[in-house]
Amino acid sequence: MSLLDTVPQDTRHYVPPTGPSVQLSGPLCLPQALLPATYFSSTAMKMTNPWIVSLLLGATLVQANLYPPAVLNLGPEVIKKHLTQALENHDATAILQELPLLRGMQDKSGSIPILDSFVNTVLRYIIWPLIKTIVEFQMSTEVQALIRVERSKNGPARLNLSDCSSNESTLRLSLLHKLSFVVNSLAKNVMNLLMPALPQIVKSHLCPVIQQAFDDMYEDFLRLTTAPIALSPGALEFDLLSPAIQDSNILFNLKAKLLDSQARVTNWFNGSATPLMETTPDRAPFSLTVRQDLVNAIVTTLIPQEELVILLRFVIPDVARQLQMDIKEINAEAANKLGPTQMLKIFTHSTPHIVLNEGGATAAQSVVLEVFPTNTDVRPFFSLGIEASYEAQFFIAENRLMLNFNNVSIERIKLMISDIKLFDPEVLKDTLTKILEYTLLPNENGKLRTGIPMSMPKALGYEKAMWSVSKGALKLTPASS
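The following paragraphs examine the structure supplied in this document. (Residues numbered from 1 in each chain as written. Predicted model: local features only at pLDDT ≥ 70, side-chain atom pairs only at ≥ 80, totals over all residues. Heavy atoms only, no water.)

What to know about the pattern of salt bridges
Logical step 1: Within this structure, the stated rule accounts for 12 salt bridges.
Logical step 2: Between E219 and R158 there is a salt bridge; the shortest N-O distance is 3.0 Å. One end of the pair, E219, is in helix α5 (residues 181-226); the other, R158, is in strand β5 (residues 158-175), with 61 residues separating them in the sequence.
Logical step 3: Residue classification places E219 among the partly exposed residues on the basis of a relative accessible area of 31%.
Logical step 4: The class for R158 is partly exposed, based on a relative accessible area of 27%.
Logical step 5: In this structure, the salt-bridge partner of E306 is K447, at a minimum N-O distance of 3.7 Å. (Salt bridge = Lys/Arg side-chain N within 4 Å of Asp/Glu carboxyl O. Helix = DSSP H or I, 4+ residues; strand = E, 2+ residues; numbered from the N terminus. Buried < 20%, exposed > 50% of the residue type's maximum accessible area, 1.4 Å probe, protein only.)

Looking at the state of the cysteines
Logical step 1: Considering all chains together, one arrives at one disulfide under this definition.
Logical step 2: Disulfide pairing is shown between C164 and C207; the S-S distance is 2.1 Å. Handedness here is read from the sign of the S-S torsion; for C164 and C207, about -75°, the answer is left-handed. Taken together, the residues span a long stretch of sequence, with C164 in strand β5 and C207 in helix α5 at a distance of 43 residues.
Logical step 3: Residue C164 is classed as buried on the basis of its relative accessible area, which comes to 7%.
Logical step 4: Look at C207 and you get buried, because its relative accessible area is 6%. (Disulfide = S-S within 2.5 Å.)

What to know about the nonpolar core
One recurring pattern in soluble globular proteins: nonpolar side chains tend to sit buried together.
Logical step 1: By size, the foremost hydrophobic cluster in this structure holds 105 residues, and its most contacted members are F252, I354, F382, I386, F394 and F405.
Logical step 2: The greatest single-element share of this core, amounting to 12 residues, is contributed by α5.
Logical step 3: The residues contacting F252, other than those within four sequence positions of it, are A70, V71, L72, L74, Y218, F221, L222, T225, L240, S242 and P243. (Core = buried A, V, L, I, M, F, W, Y, C linked by side-chain atoms within 4.5 Å. Contact = heavy atoms within 4.5 Å.)

Quick notes on helix α6 (residues 292-302)
Logical step 1: When you tally the buried positions in α6, you get nine out of 11 residues, the bulk of the element.
Logical step 2: Along α6, the residues classified as buried are Q292, L294, V295, N296, A297, I298, V299, T301 and L302.

Concerning unusual backbone geometry
Logical step 1: In the segment running from S232 into P233, the intervening peptide bond is cis, with an omega of 10°.
Logical step 2: You will see that D163, though not glycine, has its phi angle at about 55°, which is positive.
Logical step 3: With respect to the element layout, D163 can be found in strand β5.
Logical step 4: Classification of D163 as partly exposed rests on a relative accessible area of 46%.
Logical step 5: Even without a glycine there, the phi angle at N399 is positive, about 60°.
Logical step 6: For N399, the position within the fold is in the loop between β15 (382-397) and β16 (400-418).
Logical step 7: With a relative accessible area of 34%, N399 lands in the partly exposed category.

Laid out in structure tokens, this is it:
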């Protein structure tokens, strides 16, 4: 089955398929009910054969008009596995066993009475010496079909299978076991009559099953792709923007939306005119690639802006003493005013902004930090604007996408308000780094601890998966081991 893109009918040409094959095996029989009843009053004839149908995938690119926020790329291995299962669900093997071979040979003779009578006479002559002998044939053929992107006025485009047929040039029929000279000779006559009839038999009886199996597989992939992904709070939902075909892969270009805990849409992500990530299929069986701006929106949902209030001497007393020593270097009188309930307030001016690059992921965040001598004071000693960065680690744990921040680095400090005296805030850099590391990061990592459930790998048949980072994108693929 060749996957080709939409091309004008007058310019379409055959492209040798290079994708996966799907094989079905089962007995090839001439059903008793289709043979003259007078020859089967007490003896049944059975002709068995391991029938092999190869469905090959090969395609050229269908380019999307816009660059999507997410792409699900399904490779030949996944397509083969799921199409095989869909064919089994439709009892394709049983249908092969029940193909009306005799009727097909008779129909192939056409409507010329003399020729039809001649074929029936030959068939009766051949069948009579074979009724007490099991003759096994092996037949193989390549079933091809065109898969194209069909546009719709009422919804997104979809992939559709059409022009299913058996390629006569690939049809092979052979006798598996040598028998007596007479039986071998008669069996070869049966094969000669079967050969011209088989392509039409396949088209009439097997192609509809392939069509149904492909439609079922396509719908299963869509259900898997669009299933809601629980966040805490809210949810993430993907929807089909457009399907495409590239090489031997099926691509689902996806749009996305974020919902709050009341199932209200808070953010939409559609196609962008600017390429923000690389979507060329690789050799992985499947991949889900998510654009950086969508990743950041998910992080914002999980870690909203907030205010932290910390009694420093109760939480991290060593750092509280270090801060007091730093303030003493600036203003000794102010340092003496720091009481047991010395308090910090940290306002997250922004949620962590993820930057995805080939070398890994980092996060940048702006916060305002205020130092109060006690928890009863309403005016701080000073307020600082801090631009910090962290390492961001994406990984899989128990089928969940996990994100963890570590290794705080302060990039810039600005003194915004000071009631003790003007000073260079860089003198506090080491202490402030520890404060963020011991307070802000554990708080944000705690909100990320539940992770994001990812059922897709297991649904596609892979127990283990992994996340990798590239420029502007986060990619999910099966784990190598």
